[in-house]
Amino acid sequence: MNIALIIIIVVAIVLAIVGGMGSALQWLLWVALIVGVIALIALLFRLISGSRRT
């Protein structure tokens, strides 16, 4: 194979992986924000209700 063709194939694969991971990371960021808000609400509910275990 020609070395330029190999370089183009490698660059295309890397760009496809990075593009896929970028969208996946954006989706995971939204999931993490939602889970964080739910955890914060649960923590505040425990603190307000006073049902703490020591």
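Look above for the structure.
Rules and cut-offs
- Residues numbered from 1 in each chain as written.
- Predicted model: local features only at pLDDT ≥ 70, side-chain atom pairs only at ≥ 80, totals over all residues.
- Heavy atoms only, no water.
- Helix = DSSP H or I, 4+ residues; strand = E, 2+ residues; numbered from the N terminus.
- Rg over C-alpha atoms; globule rule 2.2 N^0.38 Å.
- Buried < 20%, exposed > 50% of the residue type's maximum accessible area, 1.4 Å probe, protein only.
- Areas by Shrake-Rupley, 256 points an atom, 1.4 Å probe, with all protein chains shown as cover.
- Patch = residues over 30% accessible without salt bridge, like charges linked within 9 Å, V, L, I, M, F, W, Y side chains within 5 Å.
- Salt bridge = Lys/Arg side-chain N within 4 Å of Asp/Glu carboxyl O.

Some remarks on the overall build of the protein
Okay, step 1: A count of helical and extended segments in the protein gives 1 helix and 0 strands.
Okay, step 2: Whereas a compact globule of 54 residues would reach a radius of gyration of roughly 10 Å, the protein reaches 23 Å, over 25% beyond that.
Okay, step 3: Reported as C-alpha extents along the three principal axes, the dimensions of the protein are approximately 70 × 20 × 5 Å.
Okay, step 4: For the protein, the residues scored as buried account for 0% of the 54 residues in total.
Okay, step 5: If you sum the accessible surface of the protein, you get close to 5100 Å²; carbon and sulfur atoms cover 80% of it.

So, a nonpolar patch on the surface
Okay, step 1: A surface patch of nonpolar side chains, amounting to about 960 Å² of accessible area, comprises Leu5, Ile9, Ile13, Ile17, Met21, Leu25, Trp27, Leu28, Val31 and Val35.
Okay, step 2: Note that Ile13 resides in helix α1 (residues 3-49).

Brief notes about the environment of Gly20
Okay, step 1: Structurally, Gly20 is set in helix α1.
Okay, step 2: Judged by its relative accessible area of 36%, Gly20 is partly exposed.
Okay, step 3: In sequence terms Gly20 and Leu44 are 24 residues apart; their C-alpha atoms lie 36 Å from each other.

Structural measurements only, silent on function.
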